[in-house]
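Residues per chain are reported as follows:
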Amino acid sequence: MFPSEGGRRTTREDDSVVRRHLAAAATATAASLTLLLAPGVRAADTADAAAAANPYERGPAPTRASVEALRGPYAVSQTTVSSLAATGFGGGTIYYPTSTADGTFGAVVISPGFTAYQSSIAWLGPRLASQGFVVFTIDTLTTLDQPDSRGRQLLAALDHLTQRSAVRGRIDAGRLGVMGHSMGGGGTLEAAKSRPSLKAAVPLTGWNTDKTWPEITTPTLVIGADGDTVAPVATHSEPFYESLPGSLDKAYLELNGATHFTPNTSNTTIAKYSIAWLKRFVDDDTRYEQFLCPLPRPDLTIEEYRGSCPLGS
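Residues numbered from 1 in each chain as written. Predicted model: local features only at pLDDT ≥ 70, side-chain atom pairs only at ≥ 80, totals over all residues. Heavy atoms only, no water.

What about the overall build of the protein?
Next, step 1: In terms of helices and strands, the protein carries seven helices and nine strands.
Next, step 2: Residues classed as buried in the protein amount to 50% of the 313 residues present.
Next, step 3: When contacts within the protein are restricted to residue pairs at least 6 apart in sequence, those whose partners lie at least 24 apart make up 69%.
Next, step 4: Summing over all exposed atoms, the protein offers an accessible surface of approximately 14,300 Å²; the carbon and sulfur share of this is 56%. (Helix = DSSP H or I, 4+ residues; strand = E, 2+ residues; numbered from the N terminus. Buried < 20%, exposed > 50% of the residue type's maximum accessible area, 1.4 Å probe, protein only. Contact = heavy atoms within 4.5 Å. Areas by Shrake-Rupley, 256 points an atom, 1.4 Å probe, with all protein chains shown as cover.)

Here it is, written out as structure tokens:
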């Protein structure tokens, strides 16, 4: 027996029990700290693993604000391609990220519509390029060129970008996409049909006499407008979308309160979903899938949205 304190006596056994309790408490505290720290460690490991598995990610993690912004994280420069230096298309303007710190970028060529010039779709150049793409807005050989011709010109412009342009060293030639407005949108489908290696296609209020595209294997985002009287969605964008293979990664975005010419001026909804689609399929950047799946709901700018989710399955 040991001397008592305040009338309470303890034994060696009691003292041993106390020590065991203290040791157990210390172990529990250490375990708690481990549990608190472990998620951070696992998150870092996961981030490293994701970067290794997806080497084409460019720029910081996206947010709704970042994909809706007028400009993304990259400063942009531009250079002009004269029609005299172009083969198979009418020249144009190349917009590209100024920095080379992140390596090469995917590239996108955009065609204007019937009777239009590159100026009609020029707003997309710096907006997309600032998100981490090389973007080429082109003029066609003549403003009256039909969709099949515009499709060939989109491909000729891609070849110029990757083989002859001053910025070809900034481009990953294996990661290419096409876009276009009106007959340029019809040409976008023609290009995707002709070159299955393309990673993404985005026709904007597209027009084409061919309504069925079961041959296309390129992930395609079809954008139509509810008030389009030139290429009404019922006879153009909707049958385009519905005719694409059911197994294909595809989506149909119908703009609310919009017309055939809505893609000719800066539009946040067009930009947001085009950026997300191009990032997801040209860059294989799954961080952007959050804007595409679950399917966006109708709102003030979206009349309807259909699509395949999950993507890449």
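Still to come is the rest of the account.
So, empty space enclosed by the protein
To find the voids left in a structure, one rolls a probe of water-molecule size over its atoms.
Next, step 1: Scanning the model with the defined rule gives one cavity of 30 Å³ or more in all.
Next, step 2: Counted as a void, the largest cavity has a volume near 30 Å³.
Next, step 3: In this structure, the largest cavity is lined by Lys250, Ala251, Trp277, Leu292, Cys293, Leu295, Tyr305, Gly307, Ser308, Cys309 and Leu311.
Next, step 4: Secondary-structure elements contributing two or more residues to the lining of the largest cavity are strand E8 (250-255) and strand E9 (302-307). (1 Å grid on protein atoms, 1.4 Å probe; cavity = no way out; pocket = protein on both sides within 12 Å on 5 of 7 lines; lining within 4 Å. Points joined across faces, edges and corners; volume = space filled by probe spheres on them.)

Section: the nonpolar core
Next, step 1: With 38 residues, the main nonpolar core has Met179, Leu221, Trp277 and Leu278 as its most contacted residues.
Next, step 2: Of all elements in the fold, only strand E3 (105-111), helix H3 (124-129), strand E4 (133-138), strand E6 (200-204), strand E7 (220-225), E8, helix H7 (268-281) and E9 reach the threshold of two or more residues within this core.
Next, step 3: For this core, the element with the most residues is H7, which contributes eight residues.
Next, step 4: Counting residues in hydrophobic clusters, the runner-up holds 36 residues, among them Phe136, Ala156, Leu244 and Leu248. (Core = buried A, V, L, I, M, F, W, Y, C linked by side-chain atoms within 4.5 Å.)

Let's talk about the environment of Ser77
Next, step 1: Along the polypeptide, Ser77 turns up in strand E1 (residues 76-81).
Next, step 2: Residue Ser77 is classed as partly exposed on the basis of its relative accessible area of 23%.
Next, step 3: Put simply, Ser77 and Thr98 are 21 residues apart on the chain and 5.6 Å apart in space, counted from C-alpha to C-alpha.
Next, step 4: When sequence neighbours within four positions are dropped, the list of residues in contact with Ser77 reads Ile94, Tyr95, Tyr96 and Thr98.
Next, step 5: Looking at Ser77, its side chain comes within polar contact range of the side chain of Thr98, at 2.8 Å. (Polar contact = N/O pair within 3.5 Å; in protein donor to acceptor, adjacent residues only side chain to side chain.)

So, the layout of surface pockets
Next, step 1: Space inside the largest pocket adds up to approximately 180 Å³.
Next, step 2: Every residue along the wall of the largest pocket is listed here: Arg64, Glu68, Thr268, Thr269, Lys272, Tyr273, Pro296, Arg297, Asp299, Leu300, Thr301 and Ile302.
Next, step 3: Top element by residues in the lining of the largest pocket is H7. It accounts for four residues.
Next, step 4: Residue composition of the lining of the largest pocket, grouped by class: four nonpolar, three polar and five charged. (Nonpolar A, V, L, I, M, F, W, Y, C, P; charged D, E, K, R; others polar.)

Some words on the confidence of the model for the protein
Interpretation of the predicted coordinates at a detailed level should be avoided for regions scoring low in pLDDT.
Next, step 1: Residues of the protein with pLDDT of at least 70 account for 83%, and the chain-wide mean is 88.
Next, step 2: The model gives residues 1-44 a pLDDT under 50, and that stretch makes eight contacts with residues more than four places away or in other chains. (pLDDT = per-residue confidence, 0-100.)

Describing the state of the cysteines
Next, step 1: With the rule as written, the count across this model stands at one disulfide.
Next, step 2: Between the sulfur atoms of Cys293 and its disulfide mate Cys309 the distance is 1.9 Å. Linking Cys293 and Cys309, the disulfide has an S-S dihedral of approximately -90 degrees and is accordingly described as left-handed. Of this pair, Cys293 sits in the loop between H7 and E9 while Cys309 sits in the segment after E9, placing them 16 residues apart in sequence.
Next, step 3: Using a relative accessible area of 14% as the deciding quantity, one classes Cys293 as buried. (Disulfide = S-S within 2.5 Å.)

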